[in-house]
Each structure stands twice: as structure tokens, then as C-alpha cells.
Amino acid sequence: MRAAGTRYLPRHPAENSAIYTERASRTVLRNHFRRTVSRLVGRIFAEPLILSDDMPEEMVSILRNIDLVGRGLNVFARDWFEDALVFGLSHVLVDFPAAVDGQSLAEEREQGARPYAVHVRADQLIAAQWDVRGGDKVLTQIRIREKALRYHGYEEREEEQIRVIEPDRWRLYRQDKKGVWQEAEAGENTLGRIPLVTLYTARTGFLQAEPPLEDLAFLNLEHYQIRSDQRNALNVASFPILAASGYNPEIDGPIEVGPNKVLTTSESEGKYYYVESSGAALEAGAKELEALEKAMLLFGLQFETPKERETATGRALDAADALSPLSAMAMNLEDSLNTLLSLFAAWMEMPLTGSIAVASKSGAAQASERDLDFLLEARRLGDVSAEELIREAKARGLLGDSLQANAAAD
């Protein structure tokens, strides 16, 4: 924020650069945006992701180091979801090491080659093309901006490169010394499709989304600016100004303030006094900051709060309306993770077995006493079965996942 200068912290009229620089250096951002993101992500990942019992051990082993750089499934999925929460969408590319000429898939796997996940942030996917087939949009080309470490002698440099992926091939472009993009590497895409999975948290269209927390970011920016003004006003108000009435510097001499000093004036009605702020402006600024902090807190809570209503019978819960926005995002995450899983299986030419579940996809909205009373009443009236009651209670975090309905309950 400080590095952005006047873009986020405007300079006041008639405020010179020295005073502005001093004010900006004293301004500290209270990052409510980051706190909200961390809290919402923490709700979803309060418990580890659940792998089904029928998942092959080979796949489980891959998921323990899903990106080949040491991140397991839970950490990788958390980072993926956090990026999607901030930007509205985020991508993962399921890649496979480039094949050695003449080697079969079995030979590659014997040597330890296997698919891995690459997190592609929203700003890294710079272009995409697609066709419509059978009503579905199918990617025909994507372009990804990457950063790669390259060695020039003993010097290590981070250089930009563009990866172009199509259903049947891939190409890698780097800039030459003149800044012209040249094809540096190329290969065959043996999967026959583009293995990109997009996670949405606020989808507006295919590969399009809006940041769900954008309004919170603007509130946090407003808080940053007002807090700067408030801190500056407090700094000014903390130092009373000595004023004089009837003071003549030629007769009374220079003013000296301190112990064992006497202030006199040549005028009989002259006096010295301090001018200081009444504090009304500071109080108003403090109230505005407090109101903004409350607004930011409530903004984050709205993602965790389920919307409930009764159906026409007045007794059955409408499941769609019981979901909080965070719950819907968690369900999207679960779907995206299972699509990811299917791409791993496709690369390995093995049947897709097993699934990944988000344990906290109830979003975490904290279940209320009213939830439990409502479900128990619905059960008593016969509107829901024992299995349905337990399923709904688990979804709201009222019961653990290990509990089962009593077969003799009905």
C-alpha cells in the first residue's frame, strides 16, 4: 500500500511532498481483507479432505505429493481455494513429464514418471480458445504465463515464458536477446485434451468471474485512508499551540518557554494561552473507523450465514436456500477436486475409482440451536426420515461424519 503511494493514499490539497511522505510513513494498514480470507478458508479446511475407501493406493500416494514439490492434497487445495476466493476463479493444470522418445507409458511409470498438478493463478492464464460441442464448451488452446529459473553460467535468473497447450501438442516460448518470442520447446499432448480444471467462487461465465470479496477490499482501502487522516489529526491535536495576545516582539523580546521562565507583555490586557482541539473531530473519525470495521466484519459473516425459509408445507427445509455462499463454494471445490482426480486417472490410463469429499462443506456456518430444533421437529412430524435427519445434521456440523442412522429407528 505504501509503495503504491498516491494511488491508494491521495495527497491532500496544499500538502507538500515532505509532509505527505511523513504522513504516509506513519500510516499502517490493518489488513481486514486478509483476516477475512484466512477465516473463510479456515472454515472450509477446518477438517482434512476425505478420501473414499475405494481409492487405489497408487492414487493416494500421488496425492501425498500432488505437485511434485512437497505439497499434499490438503495444502494444495487450500492454496487453490484461497486464490479462487480472492480472484473469483483459479486453475489447475494436470501435467505429465515430457515423454522420452520410444518409451511407453508403462516404461515411464516404472521409472517413476507420473502426473502432477500445477497451480495456475487467475492472472497467469492470459488467453483461452474453445469450441462448443454438444452444448459444452471444450478448450482448444490455452496460454499460460510462467516464471522459470534459468542459469547463465553461475548466475541464476528468473525469466518469463509462455506455455501454449492444445489438445494434441504443447509449445514453450521464450524471448531472445532482442525481445522477440521464439519457440524454445515443443512436444505431443498424448492425453488428447487440455487438462485444465477451473475452480469458481463467483462465476459470471465460462472462464469468467468477479472477485467475491471486492467490496470488502474497497472497504479496507477506505479504512486505510481514513485511519491515515485520523492518525494525522491525532498527531496535530496532541500538541497544543502557544498563542499570545498583546505581544510585541520588539518590546517584549523573544518568547522562551520552559521551567524558570516568565512570560510578560507590554500590554496590560495581554496574555498567553494555548490553543488546542476540542476533540470533536477525533471522536467523529473514531466512530467512522469503528463503523467501517463493523461493516467489514459483517461483510465476511454474510458468506457464512445460511439463508433459511420454509417450504409451502411450512415444515420442510428448502435445502438450496439453507446453503450459505461459502457452502456453495465448498461444493464447487469438491466437484473441481474430483474432476482433477479424473484427469490423474486419465493420464495413468486407469479406471476412475474413489472420490474426494470436503468435510466442512456445510461452510461452516455455525449451526444454531434453531437448526437442531427445526430438524427434530421435522423428524417428529414425519417430514424427514432418520437418514435424512442425520445427513442434514452432519451438513450443519451438528453431528460427526461417523454416525449412522439406526436401522430400527423407523
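Remember, predicted model here, so these are calculated numbers, not experimental data.

Asker: Would you take a moment to explain the packing of helix 2 (residues 32–44) against helix 4 (residues 73–87) for this structure?
Answerer: The axes of two packed helices give the description: the angle between them and the distance between them. At a minimum axis separation of 10 Å, helix 2 and helix 4 run at an interaxial angle of 130°. As far as their axial angle goes, helix 4 and helix 2 are oblique. Both helix 2 and helix 4 take part in a crossing whose hand is right-handed. Of the residues in helix 4, those touching helix 2 at F33, V37, S38, L40, V41, G42 and I44 are R78, F81, E82, L85 and V86. Per-class residue counts for the contact of helix 2 with helix 4 are eight nonpolar, two polar and two charged.

Asker: I would appreciate a short explanation of the sheet that holds strand 5 (residues 136–152) in the present structure.
Answerer: The strands that make up a sheet pair up through hydrogen bonds in the backbone, lying either parallel or antiparallel. Read from one edge to the other, the open sheet built from five strands follows the order 4-5-6-7-8, with strand pairing classed as antiparallel. Only two strands of the sheet have a single partner each, and these edge strands are strand 4 (125–133) and strand 8 (181–188). Averaged over all pairs of adjacent strands, the angle between strand axes in this sheet comes to 25°, irrespective of strand direction. As defined by bridge partners, strand 5 adjoins strand 6 (residues 155–165) across 11 bridges and the pair is classed as antiparallel. Across the sheet, residue E146 finds its bridge partner in strand 6, namely Q161.

Asker: Mind showing me how you'd approach the nonpolar core here?
Answerer: In summary, soluble globular proteins display a tendency toward joint burial of nonpolar side chains. With 52 residues, the main nonpolar core has M59, F81, L213, L337 and L340 as its most contacted residues. Those elements that provide at least two residues to this core are helix 2, helix 3 (57–63), helix 4, strand 2 (89–95), strand 9 (196–200), helix 6 (214–237), helix 8 (280–301) and helix 10 (325–347). A total of 11 residues in this core trace back to one element, the largest contributor, which is helix 10. Leaving out residues up to four positions away in the same chain, L213 has contacts with F33, V37, L40, L85, F299 and F303. Core analysis: the second largest hydrophobic core is formed by 16 residues, L139, I165, W170 and L172 among them.

Asker: Would you mind going over the sheet that holds strand 9 with me for this structure?
Answerer: Strand order in the open sheet formed by three strands is 3-2-9, with antiparallel pairing between adjacent strands. Because the sheet does not close on itself, it has two edges, and the strands there are strand 3 (116–120) and strand 9. Recorded for the sheet is a direction-independent mean angle of 25° between the axes of neighbouring strands. Relative to strand 3, strand 2 runs antiparallel, the two being bridged by five bridges. Paired with V92 across the two strands is H119, which belongs to strand 3. Against the sheet, helix 4 touches strand 2, strand 3 and strand 9, its axis set at about 145° to strand 2.

Asker: What's the story with helix 1 (residues 17–26) in this structure? I'm lost.
Answerer: One full turn of an α-helix is made of 3.6 residues, so residues set three or four places apart face in the same direction. Along helix 1, the residues classified as buried are Y20, R23 and A24. In a view along the axis of helix 1, the buried residues occupy a sector of 100°, so they form one face of it. Looking at helix 1, the residues exposed on the side facing more than 90 degrees away from the buried face are A18 and T21. Put simply, N16 is the residue that caps the front of helix 1, since its side-chain oxygen is 3.1 Å from the backbone nitrogen of A18.

Asker: Help me out: how do you make sense of the pairing of strand 9 in this one?
Answerer: Taken residue by residue, a regular strand's side chains alternate between the two faces of the sheet. When you tally the buried positions in strand 9, you get five out of five residues, the bulk of the element. A two-sided burial pattern is seen for strand 9, the buried positions comprising L196, T198 and Y200 on one face and V197 and L199 on the other. The pairing of strand 2 with strand 9 spans five bridges and is classified as antiparallel. In the strand pairing of strand 9, H91 is matched with T198.

Rules of the game
Residues numbered from 1 in each chain as written. Predicted model: local features only at pLDDT ≥ 70, side-chain atom pairs only at ≥ 80, totals over all residues. Heavy atoms only, no water. Axes fitted to C-alpha atoms, helices over the stretch in contact; angles between N-to-C directions. Helix = DSSP H or I, 4+ residues; strand = E, 2+ residues; numbered from the N terminus. Parallel < 35°, antiparallel > 145°, perpendicular 65-115°, else oblique. Left-handed = near helix turned anticlockwise from the far one by under 90°. Contact = heavy atoms within 4.5 Å. Nonpolar A, V, L, I, M, F, W, Y, C, P; charged D, E, K, R; others polar. Pairing = 2+ DSSP bridges. Core = buried A, V, L, I, M, F, W, Y, C linked by side-chain atoms within 4.5 Å. Buried < 20%, exposed > 50% of the residue type's maximum accessible area, 1.4 Å probe, protein only. Arc of directions from axis to C-beta. Polar contact = N/O pair within 3.5 Å; in protein donor to acceptor, adjacent residues only side chain to side chain.

Functional significance is not addressed by these values, which are geometric in nature.
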